[in-house]
Every structure is written in C-alpha cells, then in structure tokens.
Amino acid sequence: LAKTTQPISMDSYEGQEVNITCSHNNIATNDYITWYQQFPSQGPRFIIQGYKTKVTNEVASLFIPADRKSSTLSLPRVSLSDTAVYYCLVVGGYSSASKIIFGSGTRLSIRP
Amino acid sequence: DVKVTQSSRYLVKRTGEKVFLECVQDMDHENMFWYRQDPGLGLRLIYFSYDVKMKEKGDIPEGYSVSREKKERFSLILESASTNQTSMYLCASSPMAGGAARDTQYFGPGTRLTVL
C-alpha cells in the first residue's frame, strides 16, 4: 500500500482558496486517490476521488500531476464551516477495503 | 441519502464488562466496517464485513469480535472491556459487492466509549 504524507495542520481565512497537498511516492498503477472530510463529533465524509489529471465536483477539485506521486485538494473560497480534518487515502483499485489506511489527516482551521 | 446509525453517542462501561456497539445502515450496502479513532492515530480498522456472516480482520482486531447476522446490521463486541479500549468507535458501510478499497464509505456519527 502506498504511504501518504500530508501536513498535520493548516490555517487560512474565509474567502481564500485552500490547497492541501498529499505526497504518495510509492503509488501503484491501480491506485486511486481519495479524500475524506471529518467535522468535529462526526464520522468522515467522502469528498472526491481521482486517478489522474483533474477532477472537480460541487465541493472541491483534485489535481494529480502526471507522475501521480502527489495530489492537491483545492477548496475554493473557504468558509468557517470548512474547518475540519481532511484525510488523503491512496487505495488500490483491486485491493480489499480491509487494507485501507486513513492516517492522521490535516487539521484545517479557517478564521474570520 | 445514506443513513448509518449507531446505537449510542456516548457510553460508559466498567472494566471487565461485555460491551455491544450496534450499527445499522438503511441502503442495502454490501460492506460494513468498524473503526476506532484516537488522537494522533487517525482511524484504524478493527473489522470489515463483506457479506452476512463474513468478516475480515483489520489492523487492530485484538480484544474485539463482530457479528453480522443481517445485511443491515453490524455489531462490535468487546468481550471484556479494558481501559485501553476507551475511544471513539465509528461504523461505516459501502455499497459495492466484493468490498473494493476504492468504494466510497459512508460513516455513522460515532460512539464515544469510556471504560472506567
């Protein structure tokens, strides 16, 4: 399984764009990159998943360079409600779900 | 909307007690999971079930067992609770048969268990 490295914490201000980068140097050909968001006192929630280049949905964008050794979650114009922990996962397309590792995540704090 | 519910938000038990944590999902998902979450350690998988009566051990199964007699319900059992099992317990489900790692997981709100 590819190990991921992401910053422990980040701070930003309302209205800014926030980019959280995740490093996964040992990513395999069949691996996908998935991000989850967790608010205090709640379970994690799926945000976005991608394999290569760029994926965008109503919540975020995910940028994956050609070598796929890193990825960047981009949150446009954040608000106070985006304060949460964000987890980057690298998951194999054919691996069992029992092999998923969440890691410690990035704690994002948004200030007024 | 997928709904995953857990029987209690907060639970306090004594050392040595048998503890049952219940999880129910209402979307006919194939797979169900139990995680524990501790500060600085992220989420760690305890057990995973890919079908009724079928289970796989996760990273930290010691001291826990599970039961899945019906598709919608997955129970985590602490046979003899200990203080080092004080934690937040999170249940999740995912839809696709085969339990693929890339399948989206839907989480419940969590149960904060304190063992005294």
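Residues numbered from 1 in each chain as written. Chains lettered and ligands numbered in written order. Predicted model: local features only at pLDDT ≥ 70, side-chain atom pairs only at ≥ 80, totals over all residues. Heavy atoms only, no water.

Trainee: Is there a simple way to explain the layout of surface pockets in this structure?
Mentor: Gaps left between atoms show up when a probe the size of a water molecule is rolled over them. The calculated volume of the largest pocket comes to roughly 570 Å³. Looking at the largest pocket, it is lined by 26 residues, and the ones nearest its centre are Gln38(A), Val85(A), Tyr87(A), Arg107(A) and Gln37(B). Looking at the lining of the largest pocket, the elements that each hand over two or more residues are β8 (84-92) and β9 (106-111) of chain A together with β4 (31-38) of chain B. Among the residues making up the lining of the largest pocket, the classes are represented as 11 nonpolar, 11 polar and 4 charged. (1 Å grid on protein atoms, 1.4 Å probe; cavity = no way out; pocket = protein on both sides within 12 Å on 5 of 7 lines; lining within 4 Å. Points joined across faces, edges and corners; volume = space filled by probe spheres on them. Helix = DSSP H or I, 4+ residues; strand = E, 2+ residues; numbered from the N terminus. Nonpolar A, V, L, I, M, F, W, Y, C, P; charged D, E, K, R; others polar.)

Trainee: I'm lost on the interface of chain A and chain B in this one. Help?
Mentor: Interfaces are often sized by the accessible area lost when the parts come together. In this assembly, 21 residues from chain A lie in contact with 23 residues from chain B. In total, about 1,800 Å² of surface goes out of reach between chain A and chain B, with carbon and sulfur atoms giving 51% of it. Applying the counting criterion to the chain A and chain B interface returns 0 salt bridges. Mapped onto the side of chain A that touches chain B, the elements with two or more residues apiece are β3 (31-38), β4 (45-50) and β8 of chain A. (Contact = heavy atoms within 4.5 Å. Buried area = accessible area lost by both parts, 1.4 Å probe. Salt bridge = Lys/Arg side-chain N within 4 Å of Asp/Glu carboxyl O.)

Trainee: What should I look at first to understand the pairing of strand β11 (residues 111-115) of chain B in this one?
Mentor: Moving residue by residue along a regular strand, the side chains alternate between the two faces of the sheet. All names here are of chain B. Here β11 shows a buried face lined by Thr111, Leu113 and Val115 and an unburied face lined by Arg112 and Thr114. Judged from the 4 bridges that link them, strand β2 (residues 10-13) and β11 form a sheet pairing that is parallel. Within β11, the residue paired with Leu11 across the bridge is Leu113. (Buried < 20%, exposed > 50% of the residue type's maximum accessible area, 1.4 Å probe, protein only. Pairing = 2+ DSSP bridges.)

Trainee: Whenever I open this one, the pattern of salt bridges confuses me. Can you help?
Mentor: For side chains of opposite charge, pairing can occur when their charged atoms come near one another. Residues and elements named next belong to chain B. Evaluation of the coordinates by the stated rule reveals 7 salt bridges over all chains. Its salt-bridge partner being Glu30, residue Lys71 comes within 2.9 Å of it at the nearest N-O pair. Residue Lys71 is found in the loop between β7 (65-70) and β8 (73-78), and its partner Glu30 is found in the loop between β3 (19-25) and β4; the two are separated by 41 residues along the sequence. One salt bridge in this structure joins Lys53 and Glu69, with 2.5 Å as the shortest N-O distance. Of this pair, Lys53 sits in the loop between β5 (42-51) and β6 (54-57) while Glu69 sits in strand β7, and the two are 16 residues apart along the sequence. Pair check on accessibility: Lys53 and Glu69 agree, each one exposed. Each of Asp28, Glu30 and Lys71 takes part in one network of salt bridges that share partners.

Trainee: Quick question: what am I supposed to make of the sheet that holds strand β2 (residues 18-23) of chain A here?
Mentor: Strand pairing within a sheet occurs via backbone hydrogen bonds; the two strands may be parallel or antiparallel. Residue and element names in this part refer to chain A. Spatial strand order, β2-β7-β6-β5: 4 strands in an open sheet with antiparallel pairing. Each having just a single partner strand, β2 and β5 (53-56) make up the two edges of the open sheet. Neighbour-to-neighbour, the strand axes of this sheet turn through a mean angle of 15°, independent of strand direction. Direction of pairing for strand β6 (residues 61-64) relative to strand β7 (residues 70-75): antiparallel, over a ladder of 3 bridges. Its bridge partner being in β7, Ser61 is matched across the sheet by Ser74. (Axes fitted to C-alpha atoms, helices over the stretch in contact; angles between N-to-C directions.)

Trainee: In this structure, what is going on with the environment of Tyr10(B)? I would like to understand it.
Mentor: With respect to the helices and strands, Tyr10(B) occurs in strand β2. Judged by relative accessible area, which is 61%, Tyr10(B) ranks as exposed.

Trainee: So what exactly am I meant to see when it comes to the state of the cysteines here?
Mentor: In protein structure, a disulfide is the covalent linkage between the sulfur atoms of two cysteines. For the structure shown, the criterion picks out 2 disulfides over all chains. Put simply, Cys22(A) and Cys88(A) are joined by a disulfide, and their sulfur atoms are 2.1 Å apart. The S-S bond linking Cys22(A) to Cys88(A) shows a torsion near -85°; that makes this disulfide left-handed. Here the residue Cys22(A) occupies a position in strand β2, and Cys88(A) occupies one in strand β8, the gap between them amounting to 66 residues. Here Cys22(A) and Cys88(A) have matching classes, each one buried. Cys23(B) shares a disulfide with Cys91(B); S-S distance 1.8 Å. Across the S-S bond of Cys23(B) and Cys91(B) the torsion is about -75°, and the bridge reads as left-handed. On the criterion of sequence distance, the pair formed by Cys23(B) in strand β3 and Cys91(B) in strand β9 (residues 87-94) is long-range, its members being 68 residues apart. On the accessibility criterion, Cys23(B) (0% relative accessible area) is buried. (Disulfide = S-S within 2.5 Å.)

Trainee: For this particular structure, what's the right way to read unusual backbone geometry?
Mentor: Backbone phi values are negative for most residues with the exception of glycine, while trans is the configuration of most peptide bonds. Positive phi outside glycine occurs at Arg68(A), with the angle close to 60°. The residue Arg68(A) is located in the loop between β6 and β7 in this model. A positive phi angle is found at Lys53(B), which is not glycine, with a value near 65°.

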